[in-house]
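# Fold and geometry: a report
Residues per chain, in single letters:
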Amino acid sequence: MSAQEMPNVAVKTTKTPKGAWTITFLLFLFMVVNFADKIVVGLAGVPIMTEMKLSAEQFGLLGSSFFFLFSISAIVVGFIVNKVPTRWVLLTLAVIWAVSQFPMVGTVSFTTLLICRIVLGAGEGPAFSVAAHAIYKWFPDEKRTLPTAILSQGSAFGVILAVPALNWIIVNHSWHYAFGALGVVGLIWVAAWLALGKEGPLEDTEVLAATEPKIPYVQLLTSRTFLGCVIATFGAYWALSLGLTWFTPFIVKGLGFSQSQAGFISVLPWVFGATIVLLTGWISQVMMARGYTTRVSRGVLGSVPLIVGGLILTAMAHVEGAGLQIALLVVGSGLCGAIYVVCPPMLGEFTPASQRGAVLAIYGALYTLSGIIAPSVMGTVIQRADSMLDGYLTGFTINAVVMIGSGVIGLLLLWPNTEKARLTRGTTAQGTALKGAVSPT
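Cut-offs used in this document
- Residues numbered from 1 in each chain as written.
- Predicted model: local features only at pLDDT ≥ 70, side-chain atom pairs only at ≥ 80, totals over all residues.
- Heavy atoms only, no water.
- Helix = DSSP H or I, 4+ residues; strand = E, 2+ residues; numbered from the N terminus.
- Rg over C-alpha atoms; globule rule 2.2 N^0.38 Å.
- Buried < 20%, exposed > 50% of the residue type's maximum accessible area, 1.4 Å probe, protein only.
- Areas by Shrake-Rupley, 256 points an atom, 1.4 Å probe, with all protein chains shown as cover.
- Lys, Arg positive; Asp, Glu negative; His and termini not counted.
- Charge placed at Lys NZ, Arg CZ, Asp CG, Glu CD.
- Axes fitted to C-alpha atoms, helices over the stretch in contact; angles between N-to-C directions.
- Parallel < 35°, antiparallel > 145°, perpendicular 65-115°, else oblique.
- Left-handed = near helix turned anticlockwise from the far one by under 90°.
- Contact = heavy atoms within 4.5 Å.
- Nonpolar A, V, L, I, M, F, W, Y, C, P; charged D, E, K, R; others polar.
- Phe/Tyr/Trp six-rings, centres within 6.5 Å; stacked < 30°, edge-to-face > 60°.
- Lys NZ or Arg CZ within 6 Å of the ring centre and 35° of its normal.
- Core = buried A, V, L, I, M, F, W, Y, C linked by side-chain atoms within 4.5 Å.
- pLDDT = per-residue confidence, 0-100.
- Polar contact = N/O pair within 3.5 Å; in protein donor to acceptor, adjacent residues only side chain to side chain.

## A few points about the overall build of the protein chain
Within the protein chain one finds 22 helices and zero strands. Taken over C-alpha atoms, the radius of gyration comes to 22 Å for the protein chain, in line with the 22 Å a tight globule of 441 residues would show. Viewed in the frame of its principal axes, the protein chain has a C-alpha envelope of about 70 × 50 × 35 Å. Counting all 441 residues of the protein chain, 59% fall into the buried class. Summed over all atoms, the accessible surface of the protein chain reaches about 16900 Å², with 69% contributed by carbon and sulfur. Averaging the coordinates of the 24 positive side-chain charges in the protein chain and doing the same for the 17 negative ones gives two points 9 Å apart.

Written as C-alpha cells, this is what we have:
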C-alpha cells in the first residue's frame, strides 16, 4: 500500500443538522418513484410488444428513447441548481413525471408512447444529481456516503416495491393502468414534498455563488477522478439500463417463464443490488472514520465490484439451466451498485459547492449515455441472432466486457484525495479576499 493509500491521522467532523434524515427519506421516496417510472416499460414489455406488434428492434428503440433528452436535461438543470433552490427544482421534476404517465391510460399509438417516454426521460435526467446536491446541503463531506447509499437505494426499492404491484395490475387489468397508477403516486409525492421539503442549512446558494472561490470547469471536467467516475459508471449504467428494459422480456421470451413468474423474478437483481449499495455505503463510511483515504474507501471500493460483476456475467453463456443463468445475472449486475454510492461523494470532495450541482449533472449526463446505446444494441443483437436465447446471452456478454473495461479504468483513475489538493491549490487566498470584500463587517 502506497503512502497515499495509508490511513489518515485525523478526520474532520461536523454536526448533522436537525431534519437531515427526514429530507433524506423524502428524497429516497423521490428515487423510488423515479425508478418505478423507469421499470414499467420493461416489466410490461411482452404485453406492449404483443398489443402493438413491435419487433425487438422497435422495442429496443422504445427503451433507448427514454434517454434521448436525459443527458441534455441533466446538464441544463445542473447549472440551474447552482443558483436556484433545489426544493423547487425537485418539485418541478416530479410534476413532469406524473403528467407524462397519464396519456398511456387510454388507447395509445407507438408514437405517443415514444414521445411520453422521451418527455419522462427529460424530467428524470437530472433527478439523482439534483437529489444528491440537495442532500449534500444537509451533510458534511465525511458523512455523505451513507446518505448517498440510502438515496441510491431508492432505485432498488422503486423496483422491489413497484414490480409486484405493477405486475399485478398488468396481469389482472392492463399495462395501460400501470402507467396511470404511477402518475397518481407521483402526484402524492409532490404533495408530500410541498408540505415537508426544505433547503439544507449547511450551504447558502446565493452566498456561495458570491464568495466561494471557483475552479474552471475545464479543470474539473478533465480531472482524472471526474473522467474515472464517468467511465466507471457508464459501464454500471449499461447493466442497469438493460435491467430496466430487457430483464423481464429475457425471463419470459428467453427462458420461458410466465408474466406472473417473471414479475417476482425481476425483483431479484434489485434486492441483491440494494444489499450491495447499503454495504458499500456503510463500509465506506466506517473506513473513512478509521482514517483511510478516499482513494481506498471510495475509489477502490467502488471499482473492484464492477470488475468482479463483469467477470461473473461472462459465465452466463457457458452454463446450462435457467436457474443458474438467472443467478449469475442477478449477482453480476447487482455488484454494479457500489459505484453509484462512491462517485458523487468523490466529485463533491474537490468541487466547490457553488459548482457542484452542474458537475454532478454533467457526470450524470455523460454516464447515462449508455442508456441510449445498451437497449438498442441488445435489441439489434436479439433480432439478428440464430435464436432468441443466443441473442440475449450475446447481449449480456457485451455487457460484461463493458463492465470489466470501465471498472479497470475507474480503478486506475479514481484518486479524489490527491485531486482535491491539486485543484484547490491557490484558491484559499482568493476565497479569503472575496469573503472580505462582501462581508458586512
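## Re the packing of helix 8 (residues 145-172) against helix 17 (residues 337-350)
In contact at an axis separation of 9 Å, helix 8 and helix 17 are set at 130° when each is read in the N-to-C sense. As the angle between them shows, helix 8 and helix 17 are arranged oblique. Helix 8 and helix 17 meet at a crossing whose hand is right-handed. Side by side, helix 8 and helix 17 meet where Thr145, Thr148, Ala149 and Ser152 of the first sit next to Tyr340, Val341, Pro344 and Pro345 of the second. Within the contact of helix 8 with helix 17, the residues separate by chemical class into five nonpolar, three polar and no charged.

## Overview of the packing of aromatic side chains
For the structure on display, the rule yields 20 aromatic pairs. Their ring planes at 50° and their centres at 4.9 Å tell us that phenylalanine 30 and tryptophan 189 sit as a pair that is tilted. Here phenylalanine 30 is found in helix 1 (residues 20-43), whereas its partner tryptophan 189 is found in helix 9 (residues 175-196), with 159 residues between them in sequence. Each member of the pair phenylalanine 30 and tryptophan 189 is classed as buried. Counting every residue linked through ring pairs, the aromatic cluster contains Phe66, Phe67, Phe70, Tyr237, Tyr340, Tyr363 and Tyr367. Geometry around phenylalanine 35 places lysine 38 over its ring, the cationic atom sitting 4.4 Å from the centre. Here the basic side chain of arginine 295 rests over the ring of tryptophan 415, its NZ or CZ set 4.0 Å away from the ring centre.

## A closer look at the environment of leucine 91
Within the element layout of this structure, leucine 91 appears in helix 5 (residues 86-101). Relative accessible area serves as the criterion here: at 13%, leucine 91 is assigned to the buried category. C-alpha separation for the pair leucine 91 and phenylalanine 226, spaced 135 residues apart in sequence, amounts to 28 Å. Among residues more than four places away in sequence, those in contact with leucine 91 are Val190, Trp193 and Leu194.

## Focus: the nonpolar core
One finds Leu27, Phe30, Leu90, Trp175 and Trp270 to be the most contacted residues of the largest nonpolar core, which totals 123 residues. Examining the composition of this core, we find that 16 residues originate from one element, helix 12 (residues 224-254), more than from any other.

## A few points about the confidence of the model for the protein chain
This prediction gives the protein chain a mean pLDDT of 85; 91% of its residues lie at or above 70. Predicted confidence for residues 1-12 stays below pLDDT 50, and this span has 23 contacts to residues more than four positions away or in other chains. The model gives residues 428-441 a pLDDT under 50, and that stretch makes 10 contacts with residues more than four places away or in other chains.

## Looking at the side chain of serine 266
Structurally, the position occupied by serine 266 is in the loop between helix 13 (259-265) and helix 14 (268-289). Within polar-contact distance, the side chain of serine 266 engages the side chain of threonine 248 at 2.8 Å. Excluding residues within four positions of it along the chain, serine 266 makes contact with Val159, Val163, Phe247 and Thr248.

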